[in-house]
Amino acid sequence: MSDEEQLLELIANHREGVLAAVTRAGYPHLTNVLYVWDPEQRTARISTTATRVKGRILRRNHHAALHVAGPHFWSYAVAQGDAETSEVATTPGDDACRELLEVHSAFYGELEDEEAFHRRMIEAERLVVRLKVTRVYGVVLDKPPGS
């Protein structure tokens, strides 16, 4: 397995990561996120709100990276690329609500009341961030050095 395949496998086998975006001042903004990985599209999808810092930043500056930790401190993958955002959920069943349902269902399983879910997404002004990965880097080690 190539290094890139190992890194992509690490990303695919996890759902928790740290999303990095670039602020107006040029500093990184880091935030813990849950993500859904689509290996064929090389895309990580993340649910957020239009009012959260990461949502506001990524609507303005699309450069982003997702850091995914491996089984120990010395093993990790970084997925880097351009992020796009969906429209904010505004109407029950709109494209944003349907995509949010897919993302949230991947984390929490099948939802019983889709109408209530759509209302919550609209009230929270939720949207989906799609990180389209163009580069991966990192280190995949079975065990820490020196062990």
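Because the structure is a prediction, the values reported are computed rather than measured. (Residues numbered from 1 in each chain as written. Predicted model: local features only at pLDDT ≥ 70, side-chain atom pairs only at ≥ 80, totals over all residues. Heavy atoms only, no water.)

K.L.:
How should the pairing of strand 4 (residues 43–49) be read in this particular structure?
P.N.:
Successive residues of a regular strand alternate their side chains across the two faces of the sheet. Taken across its 7 residues, strand 4 has 7 buried, putting it largely inside the fold. Bridging between strand 3 (residues 36–38) and strand 4 involves 3 bridges; their strand directions are antiparallel. Bridge assignment links Asp38 to a residue of strand 4, and that residue is Thr43. Between strand 3 and the antiparallel strand that follows it, strand 4, lie 4 residues; Arg42 among them carries a positive phi value of about 50°. Two elements, strand 4 and strand 7 (residues 126–139), share 7 bridges in a ladder whose sense is antiparallel. For Thr43, the partnering residue across the bridge sits in strand 7 and is Lys132. (Buried < 20%, exposed > 50% of the residue type's maximum accessible area, 1.4 Å probe, protein only. Helix = DSSP H or I, 4+ residues; strand = E, 2+ residues; numbered from the N terminus. Pairing = 2+ DSSP bridges.)

K.L.:
Would you mind showing me how to read the packing of aromatic side chains here?
P.N.:
Any pair of aromatic rings gets described here by the distance separating the centres and the angle formed by the planes. This model, assessed by the stated rule, comprises 2 aromatic pairs. Measuring from ring centre to ring centre gives 4.9 Å for Phe73 and Trp74, while their planes differ by 80°; the resulting arrangement is edge-to-face. For Trp74, a relative accessible area of 49% puts it in the partly exposed group. An angle of 70° between the planes, with centres 5.9 Å apart, marks the rings of Phe107 and Tyr108 as edge-to-face. (Phe/Tyr/Trp six-rings, centres within 6.5 Å; stacked < 30°, edge-to-face > 60°.)

K.L.:
What am I meant to see in the pairing of strand 6 (residues 76–85) here?
P.N.:
Relative to strand 6, strand 5 (residues 63–69) runs antiparallel, the two being bridged by 7 bridges. From the neighbouring strand, Val68 faces strand 6, where its bridge partner is Ala77. Direction of pairing for strand 6 relative to strand 7: antiparallel, over a ladder of 10 bridges. Looking across to strand 7, one finds that Gln80 is bridged to Arg135.

K.L.:
What am I meant to see in the nonpolar core here?
P.N.:
Within soluble globular proteins, side chains that are nonpolar generally end up buried alongside one another. Formed by 26 residues in total, the largest nonpolar core has its most connected members in Ile11, Tyr35, Trp37, Leu58, Leu66, Leu131 and Val136. Elements that contribute at least two residues to this core include exactly helix 1 (3–12), strand 1 (16–22), strand 4, helix 2 (53–60), strand 5, strand 6 and strand 7. Sequence-distant contacts of Leu58, defined by excluding residues within four places in its chain, comprise Leu19, Ala21, His63, Ala64, Ala83, Thr85 and Val129. Listed in part, the 11 residues of the second largest apolar core include Val36, Cys97, Leu100 and Phe117. (Core = buried A, V, L, I, M, F, W, Y, C linked by side-chain atoms within 4.5 Å. Contact = heavy atoms within 4.5 Å.)

K.L.:
Explain the pattern of salt bridges here, please?
P.N.:
Side-chain pairing between opposite charges can occur once the charged atoms of the two side chains come close. Enumeration according to the criterion identifies 7 salt bridges in this entry. With a closest N to O distance of 3.3 Å, Glu99 and Arg45 form a salt bridge. One end of the pair, Glu99, is in helix 3 (residues 95–108); the other, Arg45, is in strand 4, and 54 residues separate them in sequence. By the burial criterion, Glu99 is buried, and Arg45 matches it. Through salt bridges with shared partners, one network takes in Arg45, Glu84, Glu99, Glu102, Arg130 and Lys132. (Salt bridge = Lys/Arg side-chain N within 4 Å of Asp/Glu carboxyl O.)

K.L.:
So what exactly am I meant to see when it comes to unusual backbone geometry here?
P.N.:
As a rule of thumb, non-glycine residues mostly have phi less than zero, and peptide bonds are mostly trans rather than cis. Of note, the phi angle at Arg42 is positive, near 50°, even though the residue is not glycine. For Arg42, the location among the structural elements is in the loop between strand 3 and strand 4. With phi around 55°, Glu125 is a residue other than glycine that occupies positive phi space. Along the chain, the position of Glu125 falls in the loop between helix 4 (114–123) and strand 7. Owing to a relative accessible area of 37%, Glu125 belongs among the partly exposed residues under this scheme.

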